[in-house]
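Residue-level structure breakdown
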Amino acid sequence: MNIKRLIAFVVCLLGASPVFAQQGIDERIDVAIRPYADGVAGFIFSSFPIAGVPIPFVLVWLLLAATIFTFYFKFINLRAFRHGFQLVRGDYSDPLAAGEVTHFQALATALSGTVGLGNIAGVAVAVSLGGPGATFWMIIAGLLGMSSKFVECTLGVKYRNEYTDGTVSGGPMYYLSKGLAERSEKLRTLGKVLAVMFAVFCVGGSFGGGNMFQANQSFKQLVAVTGGDASWLADKGWLFGLVIAILVGLVIIGGIKGIARVTSKIVPFMAILYVGAGLVIIGLNVSAVPEAFRAIIDGAFSPEGISGGVIGVLFQGFKRAAFSNEAGIGSAAIAHSAVRTNRPVTEGFVSLYEPFIDTVIVCTITALVIVITGTWNPNVNPSDGVALTSQAFESAIPWFPYVLTVAVVLFAFSTMISWSYYGLKSWTYLFGESRFMDVLYKLLFLGFVIAGSSMQLGSVIDFSDAMIFAMAFPNVLGIYFLLPVVKRELDEYWADYKAGTLQKFGAAARRA
Amino acid sequence: MSQTYLVGIDCSDCGHRAVDYAAEEAAAHDATVIVAHIVEWSPYSFNTNQENAERHQRREAELDRAHKEIVDPVVGKLQEKGIDAKGVVRHGHIAKTLKALAEELGATSIVVGRHGDSGLVSQLFGSVPGTLVQISDRPVTVVP
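What you see is a predicted model, and the numbers here were worked out from it, not measured in a lab. (Residues numbered from 1 in each chain as written. Chains lettered and ligands numbered in written order. Predicted model: local features only at pLDDT ≥ 70, side-chain atom pairs only at ≥ 80, totals over all residues.)

1. Focus on the overall build of chain B
A count of helical and extended segments in chain B gives five helices and five strands. Scanning chain B from its N terminus toward the C terminus, one meets helices and strands in the order β-α-β-α-β-α-β-α-α-β. The buried share of chain B, taken over its 144 residues, is 39%. A sequence separation of at least 24 residues applies to 74% of the contacts in chain B between residues at least 6 apart. (Helix = DSSP H or I, 4+ residues; strand = E, 2+ residues; numbered from the N terminus. Buried ≥ 20, exposed ≤ 12 C-beta atoms within 10 Å, placed from the backbone. Contact = placed C-beta atoms within 7 Å.)

2. Examining the interface of chain B and chain A
Each partner contributes residues to the interface: chain B has 23 residues there, and chain A has 29 residues. Those elements that provide at least two residues to the side of chain B that touches chain A are α2 (49-80) and β3 (84-92) of chain B. For the side of chain B that touches chain A, the element with the most residues is α2 of chain B, which contributes 11 residues. Of the residues that constitute the side of chain B that touches chain A, the class distribution is seven nonpolar, 10 polar and six charged. (Nonpolar A, V, L, I, M, F, W, Y, C, P; charged D, E, K, R; others polar.)

3. Side note on the pairing of strand β2 (residues 32-40) of chain B
All names here are of chain B. Taken across its nine residues, β2 has seven buried, putting it largely inside the fold. Pairing analysis gives five bridges linking strand β1 (residues 4-8) to β2, with the strands arranged parallel. Paired with Thr4 across the strands is Thr32, a residue of β2. Judged from the nine bridges that link them, β2 and β3 form a sheet pairing that is parallel. Residue pairing across strands places Ala36 opposite Val88, the latter belonging to β3. Where the polypeptide runs from β2 across α2 and back to β3, its parallel neighbour, the crossover connection is right-handed. (Pairing = 2+ DSSP bridges. Right-handed = clockwise from strand over helix to strand, strands pointing away.)

4. Concerning α2 of chain B
Residue and element names in this part refer to chain B. In a regular helix each residue adds 1.5 Å, so 32 residues correspond to 46 Å; α2 covers 45 Å between its end C-alpha atoms and thus fits that length. At Arg55, α2 shows its strongest bend, of approximately 55 degrees. In the stretch just after α2, Gly82 is the one whose phi turns positive, near 85 degrees. (Expected span 1.5 Å × (residues − 1). Bend = angle between axes of the 7 residues up to and from the residue.)

5. What about unusual backbone geometry?
The backbone of Phe75 of chain A shows a phi angle near 55 degrees, a positive value even though the residue is not glycine. Mapping Phe75 of chain A onto the fold places it in the loop between α3 (57-72) and α4 (76-79). Judged by local crowding, Phe75 of chain A falls into the partly exposed class, with 13 C-beta atoms found within 10 Å. Despite not being glycine, Asp30 of chain B has its phi angle at roughly 55 degrees, a positive value. Relative to the helices and strands, Asp30 of chain B resides in the loop between α1 (13-29) and β2.

6. Some remarks on helix α3 (residues 94-105) of chain B
All names here are of chain B. Given a rise of 1.5 Å per residue, 12 residues ought to cover 16 Å, and the 16 Å separating the end C-alpha atoms of α3 matches this to within 8%. Where α3 is concerned, the buried positions are Ile94, Ala95, Thr97, Leu98, Lys99, Leu101 and Ala102. The elements touched by buried residues of α3 are β1, β2, β3, β4 (109-113) and α5 (128-135). Downstream of α3 by one or two residues, Gly106 has phi in the positive range, about 65 degrees.

7. As for the nonpolar core
Counting residues in each nonpolar core, the largest one holds 171 residues, and the members touching the most others are Trp137, Phe198 and Val248 of chain A. The biggest single contributor to this core is helix α19 (residues 400-431) of chain A, with 17 residues. Once residues lying within four places of it in the same chain are set aside, the contact partners of Trp137 of chain A are Ala300, Val313, Leu314, Gly317 and Phe318 of chain A. Core analysis: the next-biggest nonpolar cluster, separate from the first, contains 34 residues, Leu6, Val19, Ile38 and Ala66 of chain B among them. (Core = buried A, V, L, I, M, F, W, Y, C linked by C-beta atoms within 7 Å.)

8. Considering the environment of Ala134 of chain A
Residues and elements named next belong to chain A. Within the secondary structure, Ala134 is located in helix α8 (residues 133-158). Residues Ala134 and Gly254, 120 residues apart in the sequence, show an inter-C-alpha distance of 43 Å. Apart from the residues lying within four places of it in its own chain, the contact partners of Ala134 are Ala126, Val127, Val313, Gln316 and Gly317.

Written out as structure tokens, the structure reads:
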């Protein structure tokens, strides 16, 4: 039934494509969507000037939240770091619960949604526009973002829905509505409104950053390695989009688990390969490392030739970090809430590793490679994010762009699968669970894959950023009301942990 | 001290030969037989969001199926023969989980069947009996 629907959809698209192709389907799609993209982006990124530089309110909002959470929970991002590792390693996992979703699995699944093009393309854009100093602020944003993740993932588990059939579903829409209602009767309506706002933006984000941005950037990289403007693919963004849409469709509508399973196995391998190649390049240029670090520190506090000075650099670093690790955005809470635990705060500790791995490790390696190889160039066109990173790797390992292309397409694909889930959960929260609504959302999602690979990067990036960052408004606002809940969970657990009353299992128990 | 045999079965014929062997021994020594089936599972696998959301449901189904189709019929047959038998199903790495179960349930020895795997597969990944013999801290009987 579902497969038939998908095939019908694809046949319609194929039937229409020659007509569009003659008139330049890419341009038409771009022209049609651009005004909306620009309008949405303009609204979300309403900015006010700090030291003469226009700073979008949403970035201040995210950064302020991350800083407040860090202080409110007394640097939980640092003090729970070791314990988080013990949890991931399974020291506290009861063997009787074997077969359930482990901390490691929840973290890995959440990471496959975040480690992606933000780490490759986004960082290149940040270093281009903000100079090497942007790296420093990116790392700071990553470290602070760990506290935001801690809060949202703890809440995600605490207020998830566990259905009678044994499936679970969680995320900001549930903790905003259930959590605020639990706090006080007066907050019930606010919670409901915030939950609906979040769900609407999350659906938008799943079409934007979780979809169009990914399709767009992976297509760009594919064109670049197959000959640039001379490539046969150069003006066939819609064709690439169609192929990706069919593959995504097979997974999310057709229920072909094999594709998702293969992808979820290859993606971690590609991530390790990417990090490994980055480390090799850094190792080969080890003499340039001190110089690179000096450029990063100098650039962070006294940049030269960057528009907006320190504030401008800081803005670039924070923006790309937030886009990459999604701390405070709320998306990860959906992924983490599937873990099996009766202490929600444990998943909060584990989630600390998400911004850490994503931003503090992977993004920093990309940035270091770009700075060390000197590929960084303030005059480079910011729309060539992936291309810049590709050049940086190519200058040291000539064949690497091909590997990077495979990595980029796979990252994009796995991010799309993750976001289609986040979007679907929000969509069904809004419209209820039904086969029709389910398939309708998925068809829309596939349509945006094609749109994304056809549009110019500027409007795609703006729209993507806008929708994803918009999720932070309802999410963070609601979290402020729920901080005492997290605090209570944390204090109770931390007391048990310090008192040594938590039960350890396996090798960890024998060591103790 | 009474003997307890932990028999690992994977529903193949080899597993049943192991059961037969344990049954004979148990009848001779008035011992207890614990029939165990381990569902191959790793805590470090990479899953999609959808798989994670449905994991608890799937696990229940896997346990239920393993009990009904694999373990319970064998336990039933043993009990008919008048042997004190019970069944257990767990998730995990097969050899490691059998070892842990033996410790947990106080089994005096572990009995497993030899797998019909081709040489290459066991060369690459090791076999359950092979690994068990290496890691177990109590006698292991491998029934050919």
